[in-house]
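Fold and geometry: a report
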Amino acid sequence: MKKNINRMLLIIAFLAILFTMLLITMVYHRLFEQQVLQDLESVVRVIGHTSMEMEDVAECLQDIRLTLVASDGEVLYDSWVNHENMQNHGNRPEVVQAVRQGYGQDVRRSETLAKNTYYYAVLLPDGAVLRTSKEAGSILSIFVSAIPSLGLVLLVLVFLCMGVAHVLTGKLLRPIERLAEDLDTASNTSAYLEMEPFIDTIRKQHEDIMKNARMRQEFTANVTHELKTPLTSISGYAELIETGMASEADVERFAIGIRKSANRLLTLINDIIRLSELDSAEQKMVPEQVNLYGLAETCVDMLALSAEKHEVTITLEGRDAWVQGDRQMLEELLFNLCDNAIRYNNAGGTVQVQVINENTGVLLVVKDTGIGISKEHQERIFERFYRVDKSRSKSTGGTGLGLAIVKHILSLHGAQMELFSEPGKGTEYQIFFRKKAIEG
Ligand code: ADP
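First, a word on what this report is: a plain description of the structure on this page. (Residues numbered from 1 in each chain as written. Predicted model: local features only at pLDDT ≥ 70, side-chain atom pairs only at ≥ 80, totals over all residues. Heavy atoms only, no water.)

Turning our eyes to something else, we now look at the sheet that holds strand 5 (residues 129-137). Pairing in this open sheet of five strands is antiparallel, and the strands run 2-1-5-4-3 from one edge to the other. The open sheet is flanked by strand 2 (75-78) and strand 3 (103-109), the only strands paired with a single partner. Strand-to-strand twist in this sheet, taken as the mean axis angle between neighbours without regard to direction, amounts to 20 degrees. In this sheet, strand 5 lies alongside strand 4 (residues 115-123) in antiparallel orientation, the contact comprising nine bridges. Bridge pairing in strand 5 links Val122 to Leu130. Here helix 1 (residues 2-49) sits on the sheet and contacts strand 1 (65-69), strand 3, strand 4 and strand 5; the angle it forms with strand 4, its principal contact strand, is near 35 degrees. Its contacts with the sheet put helix 3 (residues 93-101) on strand 1, strand 3, strand 4 and strand 5, and the angle it makes with strand 3 is roughly 170 degrees. (Pairing = 2+ DSSP bridges. Helix = DSSP H or I, 4+ residues; strand = E, 2+ residues; numbered from the N terminus. Axes fitted to C-alpha atoms, helices over the stretch in contact; angles between N-to-C directions. Contact = heavy atoms within 4.5 Å.)

Dropping the structure here:
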């Protein structure tokens, strides 16, 4: 970047200097031409009024040529060439002009382009035309003769610009370099207001990356811990049986323990796999028209036995309501919410599932009369492995991943969720699927 800025600045400076020099040369040459013609005019006017002989005047004016042209164009006198050998000058532009308006001037370029000849002519009272002329360098020759000094100036200026460009880019880029070294502290001392949004975005992304890394680390630690517990108990039971320390009655008990721990492991692994699948679900999601009420009906049927076991009554209200979504995910969503509503309920409690068709979408309500969740836990229960009451969760077969899966599914479906809960009274989940995702 530094190199590019330096190079750009140098090119701009070089072009600017070159252009300025060309412009100055052109302006200077114009002024020079005007000056030459003015000199010629002064000379010709002085001669017109002098009584000196033409030859005497010519002798005084060595680099100026004098020509006297008769009114018919015949050359009567020339200070440099024998006038008898000269052609008729009646059609020379400066002579024609002088005859017409009293004076005339012309500049003629030589073939080599190195020199110009300047002419100034005046009409004398007797009808003859007196002309002065002088050779002087053309713009090209002036420019060529100025090349060494111009080159020197150009070189000095280019070196100067190089130094300035170097200092300037260093100064310009220093805040950015400081930012690259340390994003957090440098952002507070940012020199450019325009860079604030850019810094903010980078800082946000940086924080997100760090947060994700921390979460992944925590998740791995949690997974290890969660897997370790059932595996340790399986290994313990197996060891007791292996060493013959368990009686026949114990063996049966231990076998039940092993089966329970193995089931727990399986559930845990299934949930972990499901979460990682959902992480990359965007490609795999198969959206279709799904009847949410139909899904809720199946879910309530499936959980009837569990509800009975927990002495909880589960009911469903509503009618067909179509939602655009992934059938399997929506099934999981319903199952996790209803399962929690049963597991975190009290004996004699109820779970009410409602599927309501609204103008703007479909509302799903899962309401229980269970133990409820206090405010401080409400924000965190969607985190992976976060549980309010660990032993209750474990004893009822919970993995601490159910609501994390729910949150994932909701975000994939663009659905909004509201949670109302009060400890001792119960919990209500309201999930709203917007209409644009609904047809039929
Ligand atoms: P788990 O497998 O432990 O149930 P979840 O992710 O499904 O994990 O839920 C996280 C925690 O949120 C649970 O451990 C429980 O403490 C709390 N929770 C979830 N649903 C309810 C509910 N309906 N009533 C009370 N507490 C709940």
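Turning next to the site of the ligand. Not every one of the 22 residues close to the ligand is listed here, only the nearest: Arg343, Tyr344, Ser393, Thr399 and Leu403. In the model, an oxygen atom of the ligand is placed 2.5 Å from a nitrogen or oxygen of the Ser393 side chain. One nitrogen or oxygen atom from the main chain of Thr399 is found 2.8 Å from an oxygen atom belonging to the ligand. Notes on the ligand: free accessible area 530 Å², of which the protein chains cover 98%. At the level of elements, helix 11 (327-343), helix 14 (402-413) and strand 12 (426-434) are the ones that each hand at least two residues to the shell around the ligand. The class makeup of the residues in the shell around the ligand is ten nonpolar, eight polar and four charged. (Near = heavy atom within 4 Å. Polar contact = N/O pair within 3.5 Å; in protein donor to acceptor, adjacent residues only side chain to side chain. Areas by Shrake-Rupley, 256 points an atom, 1.4 Å probe, with all protein chains shown as cover. Nonpolar A, V, L, I, M, F, W, Y, C, P; charged D, E, K, R; others polar.)

Before going further, it helps to spend a moment on the pattern of salt bridges. Inspection of the entire model under this criterion finds 17 salt bridges. In this structure, Arg108 engages Glu94 in a salt bridge whose closest nitrogen and oxygen atoms are separated by 3.1 Å. Taken together, the residues span a long stretch of sequence, with Arg108 in strand 3 and Glu94 in helix 3 at a distance of 14 residues. Arg108 sits in the partly exposed class, given a relative accessible area of 23%. Connected via shared salt-bridge partners are Glu94, Asp106, Arg108 and Arg131. (Salt bridge = Lys/Arg side-chain N within 4 Å of Asp/Glu carboxyl O. Buried < 20%, exposed > 50% of the residue type's maximum accessible area, 1.4 Å probe, protein only.)

Along the polypeptide, Asp326 turns up in strand 8 (residues 322-326). Of the side chains with opposite charge, Arg274 comes closest to the buried, unpaired Asp326, at an N-O distance of 5.5 Å. There is a polar contact of 2.9 Å between the side chain of Asp326 and the backbone nitrogen of Val286. Among all residues touching Asp326, those that are not within four sequence positions of it are Lys284, Met285, Val286, Pro287 and His413. (Lys, Arg positive; Asp, Glu negative; His and termini not counted.)

Let us now look at the sheet that holds strand 11 (residues 416-422). Taken in spatial order, the five strands of this open sheet run 7-9-10-12-11, and their pairing is mixed. The two strands at the open ends of the sheet, each matched to only one other strand, are strand 7 (313-318) and strand 11. Between one strand axis and the next, the sheet turns by 10 degrees as a mean value, whatever way the strands run. Taken together, the eight bridges between strand 10 (residues 361-368) and strand 12 define a ladder with antiparallel strand orientation. From the neighbouring strand, Val362 faces strand 12, where its bridge partner is Phe433. Those strands touched by helix 9 (residues 292-302) are strand 7, strand 9 (350-357), strand 10 and strand 12, and its axis lies near 165 degrees from that of strand 7.

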